[in-house]
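These are the residues of each chain, in order.
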Amino acid sequence: MTASPVYHDPPARVHEFANGLVLLAEPIPSMQSAAFTLMTPCGYSCEPADRLGLSGLVCDMVLRGAGRRDSRALINDLENLGVERGESVGASQSSFSGATLAESLPEALSIYADIVRRPHLPADQLEAAQQVCLQEIRGVEDEPGQRVMVELRRRTYPDPWGRPSHGDEAGVMAATDAEVAAHWRHNYRPNGSILAVAGNFDWDRLLDHVDDLLGDWPAVAVEPAIDRDPADTSPHIEYDSNQCHIGIAYATVPYKHPDYMQAWAAVGILSGGMSSRLFTEVREKRGLCYTVSASLQTQRERARVLCYAGTTAERAQETLDVTYAELVRLADGVTQAELDRLKARIKSSLIMQQESTSARSSAIARDWFHLGRVRTLEEISDLVDALTAETISSYLAANPPSDFTFATLGPTPLAIPT
């Protein structure tokens with residue numbers, strides 16, 4: 001009999017400041033490090049329609065000097081603290097993350113408080129920031145697989161939720177320094193922001209420090225985004241190549257839905273490892289494509305399963321047909337053997353997450369954004385243990401994959417399944 005892993009299960013500390021900022025903290029005294037995730041409500045969904053990419057541009061600009069530090073001093077000080085950092089722009093937020101030695105956490109947080117509250121936004125560096133964004137946009141355009149998935153998301157989500165996170169060239173290059181400053185003032189705000197910390201720290205000292213840094217950050221009133229139907233365009237993008245890239249999407253339940261674990265497990269069986277259905281049926285048995293995968297992408301109020309396959313133009317139609325058939329076949333249910341393999345992978349992932357302060361700070365921030373509370377690893381493990389082939393099959397029978405959206409990129413259009 002295999003023993004169940006024992007998870008470190010510290011209680012998460014939560015404090016909501018009067019200005020709306022939420023501080024989450026998961027102390028892990030055994031660690032020598034600490035990590036943080038700071039999410040500000042400046043996602044691509046809040047960009048003006050003619051300034052796509054503005055949130056990404058602001059994310060670059062706020063790092064070009066803040067508080068008493070110019071651009072070079074800011075980077076040098078973060079490196080001197082040994083901060084391993086990252087930034088990203090998603091549908092609802094811009095995220096700043098960092099991991100460092102436990103004793104360096106307070107100073108690292110002080111620098112990031114300057115970044116979100118007191119950025120210099122130097123006008124003479126706007127062109128350089130635009131060029132950085134432009135390189136990312138052109139990098140995506142040079143990757144046909146990414147292009148087809150950008151188009152798939154645009155077609156399957158209502159606007160503004162299906163926009164490309166990197167924006168477009170017209171929007172980025174048209175942005176002025178005044179627009180950058182206005183976008184920052186309106187969307188870098190405490191109401192809607194989450195600061196999550198995991199690792200070795202003292203809670204009372206952390207709370208006092210964050211209060212000093214961000215407690216008087218003034219809130220900003222905002223209007224919610226209005227959903228609009230995506231533009232009705234052809235599912236095919238002409239592309240002169242011997243390759244064809246295929247994207248298929250269907251709606252599923254978001255992270256906060258009670259059935260999320262069932263939906264997530266079903267996608268794990270569909271595409272998770274070399275024993276998954278898509279890998280086995282589409283790639284291994286028939287040799288139709290060089291890559292095929294599916295993932296569940298969730299936003300707060302909506303979610304999609306996004307599937308991708310890359311193949312030759314000659315085998316594209318058969319790849320589309322077989323991949324689509326596997327998605328439809330999911331409604332017939334899953335087997336216990338498939339679930340056993342999935343659970344083994346999930347348990348490994350949970351163990352690795354337990355050993356990473358960065359992973360925990362990100363996870364507790366995500367939990368709060370979607371659920372309004374923080375789950376422990378033990379609770380997640382219990383949810384995984386509760387999954388059975390019967391519960392997943394029952395969910396799939398009641399919620400079969402349907403209402404598919406397609407996008408293809410290649411030399412000739414394909415016959416879309418109906």
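Residues numbered from 1 in each chain as written. Predicted model: local features only at pLDDT ≥ 70, side-chain atom pairs only at ≥ 80, totals over all residues. Heavy atoms only, no water.

### Here we look at the environment of E223
Heads up, the rule is: In this description a helix means any DSSP run of H or I spanning at least four residues, a strand means any run of E spanning at least two, and both kinds are numbered starting from the N terminus.
Of note, E223 is situated in the loop between helix 8 (203-214) and strand 7 (236-238). When the C-alpha atoms of E223 and T312 are compared, they prove to be 46 Å apart, with 89 residues separating the residues in sequence.

### As for the pairing of strand 3 (residues 33-40)
Which entries qualify depends on this criterion: Think of it in three bands: residues with accessible area under 20% of the maximum for their type are buried, residues over 50% are exposed, and the middle band is partly exposed, with areas taken using a 1.4 Å probe on protein chains only. A strand pair is defined by DSSP finding two or more bridges across the two strands.
Of all eight residues in strand 3, seven are buried; the element is thus mostly enclosed. In the sheet, strand 3 pairs with strand 5 (residues 94-101) via eight bridges, with the strands oriented antiparallel. From the neighbouring strand, T40 faces strand 5, where its bridge partner is S94. Where strand 3 and strand 6 (residues 194-199) come together, six bridges link them in antiparallel fashion. Residue pairing across strands places F36 opposite V197, the latter belonging to strand 6.

### A short note on the environment of C307
For clarity, the threshold we go by: Whether two residues touch is decided by their heavy atoms; if any such pair falls within 4.5 Å, the residues are in contact.
Assignment of secondary structure puts C307 in strand 10 (residues 303-312). Accessibility expressed as a relative area gives 1% for C307, which makes it buried. In this structure, the C-alpha to C-alpha distance between C307 and S295, residues twelve residues apart in sequence, is 6.6 Å. Discounting residues that sit within four places of it in the chain, C307 has contacts with M149, L152, I246, G247, I248, L278, S293, A294, T323 and L327.

### A closer look at the sheet that holds strand 6
Just so we agree on the cut-off: Here an angle of 0 to 180 degrees is reported between the N-to-C directions of two axes, which are lines fitted to C-alpha atoms, with helices fitted over the stretch in contact.
Strand order in the open sheet made by the six strands is 1-2-6-3-5-4, with mixed pairing throughout. Pairing within the sheet leaves two strands with one partner each, and these edge strands are strand 1 (13-16) and strand 4 (84-89). Neighbour-to-neighbour, the strand axes of this sheet turn through a mean angle of 10°, independent of strand direction. Bridge analysis of strand 2 (residues 22-27) against strand 6 gives six bridges, and the strand direction is parallel. In the strand pairing of strand 6, A25 is matched with V197.

### Section: the packing of helix 2 (residues 71-80) against helix 3 (residues 105-117)
What counts, and what does not: Any angle from 65 to 115 degrees is called roughly perpendicular, while one under 35 is roughly parallel, one over 145 is roughly antiparallel, and all others are oblique. If you view the pair so one helix is near and one far, a crossing is left-handed when the near helix is turned anticlockwise from the far one by less than a right angle, and right-handed when it is turned clockwise.
In contact at an axis separation of 10 Å, helix 2 and helix 3 are set at 150° when each is read in the N-to-C sense. What the angle tells us is that helix 2 and helix 3 run roughly antiparallel. Helix-helix and strand crossings are classified by hand; for helix 2 and helix 3 the assignment is left-handed. Taking contact as the criterion, the partners of L74, D77 and L78 in helix 2 are, on helix 3, I111, Y112 and I115.

### Focus: the packing of aromatic side chains
This is how it is decided: For this analysis, a ring pair means two rings from Phe, Tyr or Trp (six-membered ring only for Trp) whose centres lie within 6.5 Å, classed as stacked if their planes differ by under 30 degrees, edge-to-face if by over 60, and tilted for the remaining angles. Both a distance and an angle decide whether a charge sits over a ring: NZ of Lys or CZ of Arg must be within 6 Å of the ring centre and within 35 degrees of the ring normal.
Counting across every chain of the model gives eight aromatic pairs. Ring geometry for Y324 and F406: centres 6.0 Å apart, planes at 50°, overall tilted. With a gap of 82 residues between them, Y324 in helix 11 (residues 316-329) and F406 in strand 11 (residues 405-410) connect regions that are remote in the sequence. For F406, a relative accessible area of 6% puts it in the buried group. Feature note: the residues F36, F96, Y112 and Y188 constitute an aromatic cluster, connected by ring pairs. Taking NZ or CZ as reference, R300 lies 3.9 Å from the ring centre of F369, over its face.

### Description of the sheet that holds strand 8 (residues 243-252)
Within a sheet, adjacent strands bond to each other through the backbone by hydrogen bonds, running parallel or antiparallel. Pairing is mixed across the open sheet formed by five strands, whose spatial order is 7-11-8-10-9. Looking at the sheet topology across the chains shown, the edges are occupied by strand 7 and strand 9 (291-298). Across the sheet, the mean angle from the axis of one strand to that of its neighbour is 15°, orientation sign disregarded. Bridge analysis of strand 8 against strand 11 gives five bridges, and the strand direction is antiparallel. By the bridge assignment, I248 is partnered in strand 11 with F406.

### Quick word on helix 8
Short version of the rule: What a helix is expected to span follows from its residue count: subtract one and scale by 1.5 Å. Here, the arc refers to the directions that run from the helix axis to the C-beta atoms.
Taking 1.5 Å per residue, twelve residues should reach 16 Å; helix 8 reaches 16 Å between its end C-alpha atoms and fits that length. Taken residue by residue, helix 8 has W203, L206, L207, V210, L213 and L214 as its buried positions. One side of helix 8 holds all its buried residues, which, seen down the axis, span an arc of 130°. Exposed and facing more than 90 degrees away from the buried side of helix 8 are D204, R205 and D212. On its buried side, helix 8 packs onto strand 1, strand 2, helix 3 and strand 6.

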